[in-house]
Amino acid sequence: MNKKNLEILGLGEGATKQDVKSAYETLRAKYLEERFMDGEVGNNAAKMLSVIEQAYNDLMNELSENAAAEDSESSFLKVEELIKSGDIHEAQRVLDSFNERGGRWHYLQSVVFYRKNWVNESKKQLEIAIQLEPDNEKYKETYKKLNDKINYDAQNSAGGNQTVYQGQTVNSADNDQMGGNFCANCIECCYLNLCINCLCNACCR
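Residues numbered from 1 in each chain as written. Predicted model: local features only at pLDDT ≥ 70, side-chain atom pairs only at ≥ 80, totals over all residues. Heavy atoms only, no water.

A. Molecular detail of the nonpolar core. The biggest cluster of nonpolar side chains holds 23 residues, and the ones touching the most others in it are Val 79, Ile 83, Tyr 107 and Leu 108. Where this core is concerned, the elements lending two or more residues are α3 (39-85), α4 (88-96), α5 (103-115), α6 (119-132) and α7 (137-155). Here this core gets six residues from one element, more than from any other, and that element is α5. Judged by nonpolar contacts, the second largest core, of 17 residues, contains Val 20, Leu 27, Leu 49 and Ile 52. (Core = buried A, V, L, I, M, F, W, Y, C linked by side-chain atoms within 4.5 Å. Buried < 20%, exposed > 50% of the residue type's maximum accessible area, 1.4 Å probe, protein only. Helix = DSSP H or I, 4+ residues; strand = E, 2+ residues; numbered from the N terminus.)

B. Representation of the packing of α4 against α5 in the model. Taken N-terminus to C-terminus, the directions of α4 and α5 make an angle of 155 degrees; their axes are 10 Å apart at the nearest point. As the angle between them shows, α4 and α5 are arranged roughly antiparallel. Of the two possible hands of crossing, α4 and α5 adopt the one that is left-handed. In this structure, α4 contributes Ile 88, Ala 91, Gln 92 and Leu 95 to the contact, and α5 contributes Trp 105, Leu 108, Gln 109, Val 112, Phe 113 and Arg 115. In terms of residue class, the contact of α4 with α5 is built from seven nonpolar, two polar and one charged. (Axes fitted to C-alpha atoms, helices over the stretch in contact; angles between N-to-C directions. Parallel < 35°, antiparallel > 145°, perpendicular 65-115°, else oblique. Left-handed = near helix turned anticlockwise from the far one by under 90°. Contact = heavy atoms within 4.5 Å. Nonpolar A, V, L, I, M, F, W, Y, C, P; charged D, E, K, R; others polar.)

C. Highlighting the confidence of the model for the chain. For the chain, mean pLDDT is 80; residues scoring 70 or higher make up 77% of the total. Per-element mean pLDDT across the chain ranges from 34 in helix α8 (residues 173-176) up to 95 in α5. This stretch, residues 160-188, has a pLDDT under 50; its non-local contacts, to residues over four places away or in other chains, come to 59 contacts. Note on residues 198-205: pLDDT is under 50 here. Beyond four places in sequence and across chains, it has 22 contacts. (pLDDT = per-residue confidence, 0-100.)

D. Layout of α4. The set of residues buried in α4 consists of Ile 88, Glu 90, Ala 91, Gln 92, Val 94 and Leu 95. Contacts from the buried residues of α4 go to α3 and α5.

E. Representation of the pattern of salt bridges within the structure. A full pass over the atoms with the stated rule returns nine salt bridges. Close ionic contact of Arg 104 with Glu 73 constitutes a salt bridge, the shortest N to O distance being 2.6 Å. With Arg 104 in helix α5 and Glu 73 in helix α3, the pair connects residues that are 31 residues apart, well separated along the chain. Linking Glu 81 and Lys 84 is a salt bridge whose minimum nitrogen-to-oxygen distance equals 3.2 Å. Here Glu 81 pairs with Lys 84, and both are found in helix α3, just three residues apart, close to one helical turn. Taken together, the shared-partner salt bridges in this structure form one network comprising Glu 73, Glu 80 and Arg 104. (Salt bridge = Lys/Arg side-chain N within 4 Å of Asp/Glu carboxyl O.)

F. Quick look at α7. Helix length check: α7 (19 residues) gives 27 Å between terminal C-alpha atoms against 27 Å at 1.5 Å per residue, within 8%. Taken as a whole, α7 has its buried residues at Tyr 139, Thr 142, Tyr 143, Leu 146, Asn 147, Asp 148, Lys 149, Ile 150, Asn 151, Asp 153 and Ala 154. Among the residues of α7, the N-terminal cap falls to Asn 136, whose side-chain oxygen and the backbone nitrogen of Lys 138 are separated by 3.1 Å. (Expected span 1.5 Å × (residues − 1). Polar contact = N/O pair within 3.5 Å; in protein donor to acceptor, adjacent residues only side chain to side chain.)

G. Seen up close, the packing of aromatic side chains. Taken as a whole and assessed by the stated rule, the structure comprises four aromatic pairs. Taken together, a centroid distance of 4.2 Å and an interplanar angle of 20 degrees make the contact between Tyr 24 and Tyr 56 stacked. Pair noted here: Tyr 24 is in helix α2 (residues 17-34) and Tyr 56 is in helix α3, with a separation of 32 residues, a long-range link. With a centroid separation of 5.4 Å and an interplanar angle of 35 degrees, the aromatic rings of Phe 113 and Trp 118 are classed as tilted. Exposure remark for Phe 113: the relative accessible area of 13% places this residue in the buried category. (Phe/Tyr/Trp six-rings, centres within 6.5 Å; stacked < 30°, edge-to-face > 60°.)

Below is the structure:
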């Protein structure tokens, strides 16, 4: 938390919302009484009322944001554990409960879709994850392996040009740019192993 704001309220690291509120109310009562005094004491009290008000609001907002981030992290870890245990339905339910949906959310949604064998939808979610976090190498590597699998399956489907996944054929531009032909089982294994490695890592960024 902001050290300056903590010092203003006479608090240290680890202060809770209740600590912040109590310190603020104590100081506010003190300065409200002093502001009617003559001279420098009154002037300083009037100034400090504004200072402690700002410090209080900033700290409470910071604590709320930290609590929300902790809740979000806990939910992400829960989704990862559910995926690893094979409870895809519950993993989807938890994902649906998120209000904020950043790159990590879309990555996990991609994994859930892949486990449902919804490959086209999995690819779309990975694309969104990469757009939101363009520097995330795990997302990009997973996307490449998924495209390799899609290409291989498309090229080995009956007739060569038959659509394997909705909206994806062997001639799709999105697939062509990724390139590469591998053993389908090997590709799938690599993809799943990559997902598991990411899921075992508490931070997917």
